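Here is what each chain is made of, one letter per residue.
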Amino acid sequence: MIKLFKVKEKQRALAENSNGKPPVKKQSAGELRLHKDISELNLPKTCSISFPNGKDDLMNFEVSIRPDDGYYLGGTFTFTFQIASIYPHEAPKVKCKTKVYHPNIDLDGNVCLNILREDWKPVLNINTIIYGLYHLFTEPNHEDPLNREAAAVLRDNPKMFESNVRRAMAGGYVGQTFFTRCI
């Protein structure tokens, strides 16, 4: 019991020695690198970044993409980014919050983008990932799908795929799946 009081006294003394300011939290290497990546972002005008938990939580943020070309023109798609403390040695965890009819994004929001998996390298950064996500909307890839049904329709009947994308983005059913409006 006495040791607990001594620990409290030491903490109080440390706080006083820091000129009345609270102790500064040391940032991890991942936080430092992420701070650099965010400060150097060069986003296309159709993309934006937000911090729903405030600027104090840089490790969790959202990116909105509004494609200005292709099948998804006019839609707004939001992605969550979760960054591990060992970033950039581990790729960020990225999920699509917007339910979308897309060959490379499944209905649970998982994203099939090579640089988030096997092709991730520590030299890549957040800007690269955002451009990769943007590219998925301008050039969806039916050869490496997460949503096999959407990929098959894109491959076999692009006009039907475009119709399905428009119906999903307007807020409607594609097959048995309902999509909320994102236009």
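The structure displayed is predicted, hence computed values, not measured ones.

Comments concerning the environment of Tyr101
Right, so step 1: Structurally, Tyr101 is set in the loop between β4 (93-96) and α3 (126-138).
Right, so step 2: By relative accessible area, Tyr101 is classed as buried at 3%.
Right, so step 3: Residues Tyr101 and Glu149, spaced 48 residues apart in sequence, show a C-alpha to C-alpha distance of 9.5 Å.
Right, so step 4: Those residues within four positions of Tyr101 in sequence are excluded, and the remaining contacts are Tyr72, Glu149, Ala150, Val153, Phe161, Asn164, Val165, Ala168, Val174 and Phe179.
Right, so step 5: A polar contact is formed between the side chain of Tyr101 and the side chain of Asn164, at a distance of 3.1 Å.

Topic: the side chain of Asn164
Right, so step 1: With respect to the helices and strands, the residue Asn164 is situated in helix α5 (residues 158-170).
Right, so step 2: Among the residues examined, Asn164 registers a relative accessible area of 7% and is labelled buried.
Right, so step 3: If near-sequence neighbours (up to four positions away) are discounted, Asn164 is found in contact with Tyr101, Val153 and Val174.

A word on the pattern of salt bridges
Right, so step 1: This model, assessed by the stated rule, comprises 8 salt bridges.
Right, so step 2: When the shortest N-O distance is used, the salt bridge between Glu90 and Lys93 registers 3.4 Å.
Right, so step 3: Look at Lys93 and you get partly exposed, because its relative accessible area is 48%.
Right, so step 4: Connected through salt bridges with shared partners, the residues Arg117, Glu118 and Asp144 form a single ionic network.

Conventions we followed
Residues numbered from 1 in each chain as written. Predicted model: local features only at pLDDT ≥ 70, side-chain atom pairs only at ≥ 80, totals over all residues. Heavy atoms only, no water. Helix = DSSP H or I, 4+ residues; strand = E, 2+ residues; numbered from the N terminus. Buried < 20%, exposed > 50% of the residue type's maximum accessible area, 1.4 Å probe, protein only. Contact = heavy atoms within 4.5 Å. Polar contact = N/O pair within 3.5 Å; in protein donor to acceptor, adjacent residues only side chain to side chain. Salt bridge = Lys/Arg side-chain N within 4 Å of Asp/Glu carboxyl O.

This is a description of form; function is not addressed.
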